[in-house]
Amino acid sequence: MSMEAELIRSLIRRPATLLYPFKRRPLIEGLRGKHTWDSERCIGCGLCARDCPAFAIEMIGTGPTAELKVDLGECIFCGQCEEGCPREAIKLTEFYELADPKRKNLILEFKRESV
Ligand code: SF4
Ligand code: SF4
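Residues numbered from 1 in each chain as written. Chains lettered and ligands numbered in written order. Predicted model: local features only at pLDDT ≥ 70, side-chain atom pairs only at ≥ 80, totals over all residues.

A. Seen up close, the sheet that holds strand E5 (residues 107-110). Pairing is antiparallel in the open sheet, where three strands are placed in the order E2-E3-E5. The open sheet has two free edges, formed respectively by strand E2 (57-60) and E5, since each of these has just one partner strand. Neighbour-to-neighbour, the strand axes of this sheet turn through a mean angle of 15 degrees, independent of strand direction. In the sheet, strand E3 (residues 67-71) pairs with E5 via four bridges, with the strands oriented antiparallel. Across the sheet, Leu 68 pairs through a bridge with Phe 110, a residue of E5. (Pairing = 2+ DSSP bridges. Helix = DSSP H or I, 4+ residues; strand = E, 2+ residues; numbered from the N terminus. Axes fitted to C-alpha atoms, helices over the stretch in contact; angles between N-to-C directions.)

Written out as structure tokens, the structure is:
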């Protein structure tokens, strides 16, 4: 295609991008976003941290009093932690707008109410 034809095509074609954040595409099914953690379900087995291919999960302690840190800056959102958790305690939500100018804000600290 000649450059002129390509130019004309680009001028009449609808833009491929959206005016984010004012417009958004519908979420795709199975989207993996920010984690949630249910402290009452978690038994602190450490499987999620052990299986995480990105080493994004840090266990604070072990057993039923253990707490978790998830580093979203390292996470590749593969879903392995959710899949491998024997208690369905850690899950990935559809919340994907995670950008933050401060690196420390990308670390989720999951704490128990009373340990
Ligand atoms: S979230 Fe699941 S896999 Fe991770 S420590 Fe708790 S029970 Fe184990
Ligand atoms: S989604 Fe994957 S990379 Fe992210 S914390 Fe879970 S296991 Fe690790």
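B. Inspection of the site of ligand 1 at higher detail. All residues adjacent to ligand 1 are Cys 42, Ile 43, Gly 44, Cys 45, Gly 46, Leu 47, Cys 48, Cys 85, Arg 87, Ala 89 and Ile 90. For the shell around ligand 1, the residue count by class is eight nonpolar, two polar and one charged. (Near = placed C-beta within 6 Å. Nonpolar A, V, L, I, M, F, W, Y, C, P; charged D, E, K, R; others polar.)

C. Quick look at the site of ligand 2. By nearness alone, 13 residues border ligand 2, and Cys 52, Cys 75, Cys 78, Gln 80 and Cys 81 come closest of all. When grouped by side-chain class, the residues that make up the shell around ligand 2 number eleven nonpolar, two polar and no charged.

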